[in-house]
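Below, each chain spelled out in residue letters.
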Amino acid sequence: MRKIGMGIMWRAWILLFAGVLCLCTGCSKSRMPEKKNSIRIGVSLYRGDDTFINNIRAELEKKAKEYEQESGIKVILDIQEAKGNQNTQNNQVERFISLGCDVLCINPVDRMAASAIIDKAMTAGIPVVFFNRQPVEEDMNRWDQLYYVGADAKESAVLQGSILVNLYRETPGALDFDGDGVVSYVLLEGETSHQDSLIRTEWSIQTLKDGGVPIEKIAGAIANWERSQASAIMEQWLDKYGDEMELVICNNDDMALGAIDALERVGGPKLNLVGIDATNPGLEAVQSGKMLGTVSSDKEKYAWAILQIAAAKARHQQINAEITLTDGKYYWCAQEIILKN
Ligand code: BGC
């Protein structure tokens, strides 16, 4: 009897010791949700001088403040710019991980090279919210802790094309200035590697065709989303095709603004210009009548979705039920046409 009693005592001690050890070493971590009073979010932007990305950044900062007020949880947003260099961005990701970031929000420099970032994040067990520059599906499917927030490129383009189709249907002469039955256009495209450039170009033109607008392309060029590059290209076009051009289709507002800069510099002819983004300077150009119209992705919702997903992941919580995720990982931001009031 005495012997059995001692055995039970020893086993009880061993179990108690193992329990205490487990609590101390953190094996409890995965079972019990952590009570955090602050979260650290590492954000890397492909470039710091991109107008659209800067608009998103400003909204993200606002949303982080609002989240702090609503939840009482301090949000540390560590925002870095990768200056168009993938190696720099990879180093930033390593630094974020070593600083103990709970989640990463990445606007990849090279969307085809997201796998290096995913490798690092997976090894460290840190979820990633990509935005604006969409990693390929194969990469996105590597882990269930990867998310993407963006504006659907085809939708942006169809809306952009609709601005022109609607105008042509109402008043053909508002697009076909010389009345020759054809609208002659030039096209300014974003970076070749960006999913938005190809798809926007294809679907803007397709929408015009489907809408019955007779079009003829005079020239097209890649201006990499940049106002200054677009301005230089447009100046050459004005010199070459100044009398023929009627319409300038731009993959984003900044390039439309660059084309307007060139028109103003050389005192060019009256032209219709359309953009995409509804950045602050883009909206001003629409309101002042310099740009015919643009397409707005709801930037507030865009940043809100990034922040909500990131914060939920950082706190090991469910993602806000108001966020509808396609395939459990893609958030598509709503878009609308913007015309002069
Ligand atoms: C925007 C561009 C921006 C680019 C950056 C696009 O979706 O329309 O204005 O320069 O993203 O990645």
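Residues numbered from 1 in each chain as written. Predicted model: local features only at pLDDT ≥ 70, side-chain atom pairs only at ≥ 80, totals over all residues. Heavy atoms only, no water.

A. Here's a closer look at the site of the ligand. Around the ligand, the neighbouring residues are Tyr46, Asp50, Phe52, Asn132, Arg133, His194, Asp196, Arg200, Trp225, Asn252 and Asp277. Within the side chain of Asn132, one N or O atom sits 2.6 Å away from an oxygen atom of the ligand. A distance of 2.8 Å is found between an oxygen atom of the ligand and a side-chain nitrogen or oxygen belonging to Arg133. A total of 310 Å² of accessible area belongs to the ligand in isolation, and the protein chains cover 98% of it. Its residues assigned to classes, the shell around the ligand shows 3 nonpolar, 3 polar and 5 charged. (Near = heavy atom within 4 Å. Polar contact = N/O pair within 3.5 Å; in protein donor to acceptor, adjacent residues only side chain to side chain. Areas by Shrake-Rupley, 256 points an atom, 1.4 Å probe, with all protein chains shown as cover. Nonpolar A, V, L, I, M, F, W, Y, C, P; charged D, E, K, R; others polar.)

B. Spatial organisation of the nonpolar core. Formed by 67 residues in total, the largest nonpolar core has its most connected members in Leu188, Met234 and Trp237. If one sorts the elements of this core by residue count, helix H11 (residues 299-314) sits on top with 11 residues. Beyond its immediate sequence surroundings of up to four residues, Met234 is in contact with Met245, Val248, Ala259, Ala262, Leu263 and Leu271. (Core = buried A, V, L, I, M, F, W, Y, C linked by side-chain atoms within 4.5 Å. Buried < 20%, exposed > 50% of the residue type's maximum accessible area, 1.4 Å probe, protein only. Helix = DSSP H or I, 4+ residues; strand = E, 2+ residues; numbered from the N terminus. Contact = heavy atoms within 4.5 Å.)

C. Structural view of helix H4 (residues 114-124). Inspection of H4 places Ala114, Ile117, Ile118 and Ala121 among the buried residues, and these make up the whole buried set. One face of H4 carries all of its buried residues, which in axial projection span an arc of 100 degrees. Taken together, the buried residues of H4 touch helix H3 (86-98), strand S3 (103-106), strand S4 (128-131), helix H5 (137-140) and strand S5 (146-150). Remark: Gly125 follows H4 within two positions and exhibits a positive phi of approximately 70 degrees. (Arc of directions from axis to C-beta.)

D. Examining a negative patch on the surface more closely. On the surface, Asp178, Asp180, Glu216, Asp243 and Glu244 cluster together into a patch of negative charge. Within the element layout of this structure, Glu244 appears in the loop between helix H8 (227-241) and strand S8 (247-250). (Patch = residues over 30% accessible without salt bridge, like charges linked within 9 Å, V, L, I, M, F, W, Y side chains within 5 Å. Salt bridge = Lys/Arg side-chain N within 4 Å of Asp/Glu carboxyl O. Lys, Arg positive; Asp, Glu negative; His and termini not counted. Charge placed at Lys NZ, Arg CZ, Asp CG, Glu CD.)

E. Quick peek at unusual backbone geometry. Residue Asn132 is not a glycine yet carries a positive backbone phi of 70 degrees. Residue Ala278 is not a glycine yet carries a positive backbone phi of 55 degrees. Along the chain, Ala278 turns up in the loop between strand S9 (272-274) and helix H10 (280-287).

F. Inspection of the side chain of Asp277 at higher detail. For Asp277, the location among the structural elements is in the loop between S9 and H10. Buried and without a salt bridge, Asp277 has Arg200 as its closest oppositely charged side chain, separated by 4.3 Å. Look past the residues within four positions of Asp277 in its chain and what remains in contact with it is Phe52, Arg200, Asn252, Asp253, Thr294, Val295, Ser296, Ser297 and Lys299.

G. Representation of the pattern of salt bridges within the structure. If you walk through the whole model with that rule in mind, you get 16 salt bridges. Here Arg95 ties to Asp78 by a salt bridge, and the two come within 3.3 Å at their closest N and O atoms. Separated by 17 residues along the polypeptide, Arg95 in helix H3 and Asp78 in strand S2 (residues 74-81) bring together distant segments of the chain. A salt bridge links Glu235 to Arg265, with the shortest nitrogen-to-oxygen separation between them at 2.5 Å. Of this pair, Glu235 sits in helix H8 while Arg265 sits in helix H9 (residues 253-266); the two residues are 30 residues apart in sequence, bridging distant segments of the chain. A single network of salt bridges, built from pairs that share partners, joins Arg47, Asp49 and Glu226.

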